[in-house]
Structure formats: structure tokens, C-alpha cells
Amino acid sequence: MEFENISLEKEDYLAILSINRPKAMNALNLETLCEMEVAVKNVKADPNIKVMIVTGTGEKSFVAGADINFMLPLSPSEGRFFSDLGERVMRQFELLEKPVIAAVNGFALGGGCELAMSCDIRLASETAIFAQPEVGLGVIPGFGGTQRLPRLIGEGRAKELTYTADVINAQEAYRIGLVNHVYPLEQLMDEAKKLAKKIASKAPLAVGYAKHAINKGLQVDIDTAMGIESDMFGMCCATTDKSEGMSAFVDKRKPQFMGK
Ligand code: CO8
């Protein structure tokens, strides 16, 4: 597909969405967010795609936040609209029933950190830098950061990072659980693809149901969450991949999952 501010490449079972505004450090403006929404819809509708990787073009920046030039003149209602739009787009990454891996290859600031947090798994280069710098600009995180950061790293740490706008490096992000792994920059995409390949070798519907159960279950009380899990387990039992996976175990052979 042709886009101006992003690229969407497909390799076999894998979609790679790159934010592609390197001259602006891949900052997110209105057009970029709209294109991201179209791309996620495309990935959702493509039965061949099992995993998506999100990254930034170039070697310096994943996404350096929402576009400050765009936000400068926003009125209260326009600001609210832009925040709603960004939240909706990031939520599409979370709701996609296919795993999304963020390959954070540099600055992940403000909306960039928020984009990474809307992905399922975050891999970072050693050069990656994370922050929620918004209060230093007179605003707050507005693409889900006030909600996802405390859920990921705990309330106290999230409040400290948000109130101070402190910048942290990849190792610190790893230490506090904001990222899953840290790799040298030149290895980052290979590692992201390796992880994608491993996930893609599993039963895709089961992976999607697991994502749904984890994401939905985290938002409700534990008893309701258990109900969501057993609903999803029941759904797995309606798939031919479940018969295949278990038969393959019994037959001592590798399963051939069809995503059905
Ligand atoms: N928006 C617009 N342009 C940007 C942004 C940005 N977020 N980040 C960098 N750029 C542009 C610079 O203006 C510069 O443009 P130009 O060459 O035309 O002057 C170009 O990218 C290169 O940047 P620098 O020259 O500054 O490069 P450095 O390597 O010196 O620094 C940094 C890189 C550290 C990334 C630096 O550019 C920076 O601090 N950027 C701003 C980071 C930031 O504060 N991000 C948070 C923005 S707020 C946010 O994301 C809120 C999200 C929620 C929105 C809610 C909606 C209402």
C-alpha cells in the first residue's frame, strides 16, 4: 500500500509498519495517525499476516512524540479531538487479534512511548531513549500514556516519570519492565523477526485469544477475568488447530496450524 508518512511492508506472515518521517524524528501528526489506522485495518483483514512489527524509519528515532508544530495552535476542543484520535489509533494496535511487537530503535518520547506501550511486546535497541516529556510542554500524555504506563510499570514509577518528564535509557527501561529485551541496534530487527517467527509458528487463533484474555482480563476483577479466560479456552476448542495441535503431540510430530 502507498502511504506518505508510514510504510507497510509484508514478508510472508509478517507485516512491518514503519513510521516514516525521519526529518521530524518520526513525530506523529494527524495524517500519520490516520495512515496508521488504515494500516492496522489492512493487517487485521489480511489472513496471511500473523504478526506485526512496528518501528521507526532511520537509526535515530522510533517516534519522538506527537508533532509539536501541529499541537502548538490547538484549541481545547481540537486538543481533545487529537487526543481522542491518537487514543483510538493506539487502541487498534491493542485490539488487533494478532500480536504486535514494537522494535524501538531510538527515541520513544511522549506519543512514541505511548505507541510502544500499545504494542504487546517491546524490544529496544541499546540506543533507545524513553520518556513522557509532556508536562515540560504544558500538556499531559494524551495517547493513553496516563493509563498504560502505570499498568505496565506500576503507579509510583509511572507518576515519577510523568511528573518529572525524566528521560531513561534502554537498560533502565528494561530494569523497570517497560521493555522485554535490549539488543544492539544492528541486531534489533533480526531479533524482532526471530520473535515474530516463533510466535507465527504457534496456533494463530490461540495466540489471538490469549491476547484478548490477557488484555480484557487485566481491566476487570479476577473472577470476571477467569470467565473471559474460560470463554477463550472454549473458543480454542472450536478450532481445527486445537485438534491438530493435540493430535500432533499424541502422534509425536510437528503440528501444521492452519489458523482455523
Ligand atoms: N514534533 C515535531 N517535530 C519534531 C519532534 C516532535 N515531537 N521531535 C523532533 N522534531 C523535529 C525537530 O523540530 C527538528 O526539525 P528541524 O530539523 O526542522 O528543526 C528535527 O525533528 C530534528 O530534531 P532535532 O534537531 O531536535 O534533533 P536532536 O537529535 O537534536 O534531538 C530529540 C532529538 C531529542 C528527539 C528532540 O528533537 C526532541 O526533544 N524532540 C521533542 C520530543 C518531545 O518532547 N516529544 C513529546 C511531544 S508531546 C507528545 O508526544 C504528546 C502525545 C500526546 C498528544 C495528545 C494530543 C493532544
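Counting restarts for each chain, with residues numbered from 1 along the sequence as it is written. For this predicted model, a pLDDT threshold of at least 70 governs which residues receive local features, and a threshold of 80 or more governs which side-chain atom pairs are given and counted, while totals over whole chains, interfaces and linings are taken from all residues. The side-chain figures draw on all heavy atoms in the structure; neither hydrogens nor water molecules are used.

### Describing the domain arrangement of the protein
An automatic or database domain assignment provides the domain bounds reported here. In terms of domain boundaries, the protein breaks down into domain 1 (6–200) and domain 2 (204–251). Placing the centre of domain 1 and that of domain 2 at their C-alpha centroids yields a distance of 27 Å. The partner domain 2 presents seven residues to the 12 residues of domain 1 that form the contact. Summing both partners gives a buried area of about 600 Å² for domain 1 against domain 2, and 52% of it is carried by carbon and sulfur. For salt bridges, the criterion is a side-chain nitrogen of Lys or Arg within 4 Å of an Asp or Glu carboxyl oxygen. Seen at the junction of domain 1 and domain 2, the total is one salt bridge. Where Asp120 meets Lys211, a salt bridge forms, and the shortest distance between an N and an O atom there is 2.8 Å. Any pair of nitrogen or oxygen atoms within 3.5 Å is treated as a polar contact; in protein, a donor-acceptor pairing is required on top of that, and neighbouring residues in sequence qualify only through side-chain atoms on both sides. At the boundary of domain 1 with domain 2, the tally comes to six residue pairs in polar contact (both at pLDDT 80 or more). Grouping the constituent residues of the side of domain 1 that touches domain 2 by class yields five nonpolar, no polar and seven charged. We call two residues in contact whenever any of their non-hydrogen atoms come within 4.5 Å of each other. Two parts lose some accessible area (1.4 Å probe) when they are put together, and adding that loss for both gives the buried area. Under the convention adopted here, Pro, Cys and the residues Ala, Val, Leu, Ile, Met, Phe, Trp and Tyr are nonpolar, Asp, Glu, Lys and Arg are charged, and Gly plus all remaining residues are polar.

### A few points about the site of the ligand
Near residues are defined by distance, with any heavy atom within 4 Å of the molecule or strand qualifying the residue. Lining the immediate environment of the ligand, one finds 25 residues, of which Lys60, Ala64, Ala66, Ile68 and Gly111 sit closest. Within the backbone of Ala64, one N or O atom sits 2.9 Å away from a nitrogen atom of the ligand. Residue-level accessible areas treat just the shown protein chains as cover; the underlying method is Shrake-Rupley with a 1.4 Å probe. Protein coverage of the free-state accessible area of the ligand, which is 1,100 Å², stands at 63%. Tallied by class, residues from the shell around the ligand come to 13 nonpolar, seven polar and five charged.

### Regarding the nonpolar core
Within soluble globular proteins, side chains that are nonpolar tend to cluster in buried spots. Of all hydrophobic cores here, the largest spans 48 residues; its most connected members are Met52, Phe93, Phe130 and Leu178. Those residues within four positions of Leu178 in sequence are excluded, and the remaining contacts are Cys113, Met117, Arg122, Phe130, Leu149, Leu152, Ile153, Ile168 and Ala173. By convention a nonpolar core is built from buried Ala, Val, Leu, Ile, Met, Phe, Trp, Tyr and Cys residues, the set being connected through side-chain atoms within 4.5 Å. Think of it in three bands: with a 1.4 Å probe and only protein chains considered, a residue is buried below 20% of the maximum accessible area for its type, exposed above 50%, and partly exposed in between. By size, the runner-up hydrophobic cluster in this structure holds 13 residues, among which are Leu14, Ile16, Tyr183 and Ala200.

### Remarks on the side chain of Asn29
Helix and strand assignments come from DSSP, with helices taken as H or I runs of at least 4 residues and strands as E runs of at least 2, each series counted from the N terminus. Following the sequence through the fold, Asn29 ends up in the loop between strand 2 (14–19) and helix 1 (30–45). A polar atom in the side chain of Asn29 sits 3.2 Å from the side chain of Glu31. Apart from the residues lying within four places of it in its own chain, the contact partners of Asn29 are Arg21, Asp67 and Phe82.

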